[in-house]
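Below, each chain spelled out in residue letters.
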Amino acid sequence: MTATVPADVERAFTETIERDQRVEPRDWMPDGYRKTMIRQIAQHAHSEIIGMQPEGAWITRAPSLRRKAILLAKVQDEAGHGLYLYSAAETLGADRGDLTRRLIEGRQKYSSIFNYPTLTFADVGVIGWLVDGAAICNQVPLCRSSYGPYARAMIRICKEESFHQRQGYELLMTMMGGTGAQRAMVQDAVDRWWWPSLMMFGPPDHDSPNSAQSMAWKIKRHSNDELRQRFVDMTVPQAEALGVTLPDPALRWNSERGHHDFGDIDWVEFKKVISGGGPMNAERIAHRRRADEDGAWVREAAAAHAAKKRGARS
Ligand code: FAQ
């Protein structure tokens, strides 16, 4: 297909990227670029939708009306992010129903982080602090991603993620000012979520097959390891202020590098989780499949209503 593309059309795409301008849905783009964007945006959308489950499990058990209202708003925001992102994928010619089918059938990925259980209410705070914190680190540069609809969706998403992170930190601050049992609950949640949060940034640069091309197309602006390092450097002082210990004996400031050194990530665990073998993968997908089946009548009714309206107009 690319062979039949006139040279000036292909050049226009290359120049758009070189000049740091945005590629828009109407523009010609290489098949590989379109495929990569659909893959990344779909995985991101699926992550937001599956990502509603770990915290959603605590809505009915939130310890106060205030905490329930905050959590409900956060989980609703995640649904909204999923919807913007599916819309962005549709501008590339993807079909939303098809993307959902691929997710449910295990043919498309979602973030590894959502395959861990939320055992106590402290997990809600730690997800806000660490998981949304990692998401912000990864997504702020995506506001300058070369595909226009994705970059614009990211601007709004990042503003909301920033609120999410603060609510998590505030919840943890409150718990750390509480009883010994509450402080222990926070430390236990930090111990369980720290390493999975570092895995969110993806495999190490030497084992990241998509990075080189995505960086050349300015879809990604920084490598997986660069963003992971940025997250560690940002989080260490926050942990100190909170009074928790990050579960890594190798974590220390390296004045020569001007960064924190940290221990080895368990990439075997990461690979297991992203291939469907994490602690909660089966449950997350089963839940999503049930929601899809339960919603089938709504989609059918909406389609019948739209067809009726079209008929009335003609
Ligand atoms: N989990 O070559 P690379 C959120 C896959 S935030 C699962 O490095 P790439 C907010 C990767 O897809 C979470 N799979 O890939 C929230 C590829 O597989 P494929 C979502 C992973 O794309 C907070 C293979 O490994 N954020 O939801 C992961 O260049 C709280 C090789 O990797 C985004 O999606 C992983 N962690 O870089 C919601 C951000 N890492 O497709 C609720 C946008 C890698 O070749 C509560 N995405 N893989 O079979 C990105 O920035 C990039 O796609 C990366 C991966 C950095 C995630």
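Residues numbered from 1 in each chain as written. Predicted model: local features only at pLDDT ≥ 70, side-chain atom pairs only at ≥ 80, totals over all residues. Heavy atoms only, no water.

Labelled according to an unreviewed UniProt entry, the protein chain appears under the name Phenylacetate-CoA oxygenase subunit PaaA, originating from Paractinoplanes rishiriensis.

A. Structural detail: the overall build of the protein chain. Counting its regular elements, the protein chain contains 13 helices and two strands. For 314 residues, the compact-globule formula gives about 20 Å, and the C-alpha radius of gyration of the protein chain, at 21 Å, lands near that figure. If you line up the protein chain on its principal axes, its C-alpha atoms span 70 × 55 × 30 Å. Taking the contacts inside the protein chain whose residues are at least 6 apart along the sequence as the reference set, 77% of them involve residues at least 24 apart. Accessible area for the protein chain stands at about 15600 Å²; split by element, carbon and sulfur atoms hold 56% of it. Side-chain charges in the protein chain split into 42 positive and 40 negative, and the spacing between the mean points of these groups amounts to 6 Å. (Helix = DSSP H or I, 4+ residues; strand = E, 2+ residues; numbered from the N terminus. Rg over C-alpha atoms; globule rule 2.2 N^0.38 Å. Contact = heavy atoms within 4.5 Å. Areas by Shrake-Rupley, 256 points an atom, 1.4 Å probe, with all protein chains shown as cover. Lys, Arg positive; Asp, Glu negative; His and termini not counted. Charge placed at Lys NZ, Arg CZ, Asp CG, Glu CD.)

B. Fine view of unusual backbone geometry. Notably, Asp20 is not glycine yet its phi reads approximately 65°, a positive angle. Examined against the element boundaries, Asp20 turns out to sit in the loop between α1 (7–18) and α2 (31–50). Judged by relative accessible area, which is 38%, Asp20 ranks as partly exposed. Of note in the backbone geometry, Lys218 takes a positive phi value of approximately 60° without being a glycine. Residue position: Lys218 is located in the loop between α9 (211–216) and α10 (224–242). (Buried < 20%, exposed > 50% of the residue type's maximum accessible area, 1.4 Å probe, protein only.)

C. Local environment of the packing of aromatic side chains. In the structure shown here, the tally under the stated rule is nine aromatic pairs. Taking the centre distance of 5.9 Å and the plane angle of 20° together, the rings of Trp194 and Phe231 count as stacked. Here Trp194 is found in helix α8 (residues 180–199), whereas its partner Phe231 is found in helix α10, with 37 residues between them in sequence. Owing to a relative accessible area of 0%, Trp194 belongs among the buried residues under this scheme. Seen from the ring of Trp58, Arg61 lies directly overhead, with NZ or CZ sitting 3.8 Å from the centre. (Phe/Tyr/Trp six-rings, centres within 6.5 Å; stacked < 30°, edge-to-face > 60°. Lys NZ or Arg CZ within 6 Å of the ring centre and 35° of its normal.)

D. Up close: the site of the ligand. Around the ligand lies a shell of 35 residues, among which Gln43, Lys109, Ser112, Ser208 and Lys220 are the nearest. At a separation of 3.1 Å, an oxygen atom of the ligand approaches a polar side-chain atom of Asn138. Measuring from an oxygen atom of the ligand, one finds a side-chain N or O atom of Lys220 at 2.7 Å. Going through the elements one at a time, α2, α4 (65–90), α6 (122–139), α7 (148–176) and α11 (267–277) are the ones with two or more residues in the shell around the ligand. Ranked by residues supplied to the shell around the ligand, first place goes to α2 with six residues. (Near = heavy atom within 4 Å. Polar contact = N/O pair within 3.5 Å; in protein donor to acceptor, adjacent residues only side chain to side chain.)

E. Looking closely at the nonpolar core. Counting 47 residues, the largest nonpolar core has Trp129, Val186, Trp193, Phe231, Val244 and Leu246 as the members making the most contacts within it. At nine residues, the largest contribution of residues to this core is made by α6. Beyond its immediate stretch of four places on either side in the chain, Phe231 contacts Leu130, Gly133, Ala134, Cys137, Trp194, Ser197, Leu198 and Phe201. (Core = buried A, V, L, I, M, F, W, Y, C linked by side-chain atoms within 4.5 Å.)

F. Geometry of the pattern of salt bridges. Following the criterion strictly, the structure yields 21 salt bridges and no others. The shortest N-O distance in the salt bridge between Asp98 and Arg102 comes to 3.1 Å. Residue Asp98 and its partner Arg102 are located together in helix α5 (residues 96–104), separated by four residues, close to a single helical turn. When its relative accessible area of 30% is taken as the criterion, Arg102 is described as partly exposed. Taking the shortest distance from any N to any O, the salt bridge between Arg228 and Asp225 comes out at 2.7 Å. Placement of the pair is Arg228 and Asp225 together in helix α10, with a separation of three residues, close to one helical turn. Overall, the relative accessible area of 29% leaves Asp225 in the partly exposed class. (Salt bridge = Lys/Arg side-chain N within 4 Å of Asp/Glu carboxyl O.)

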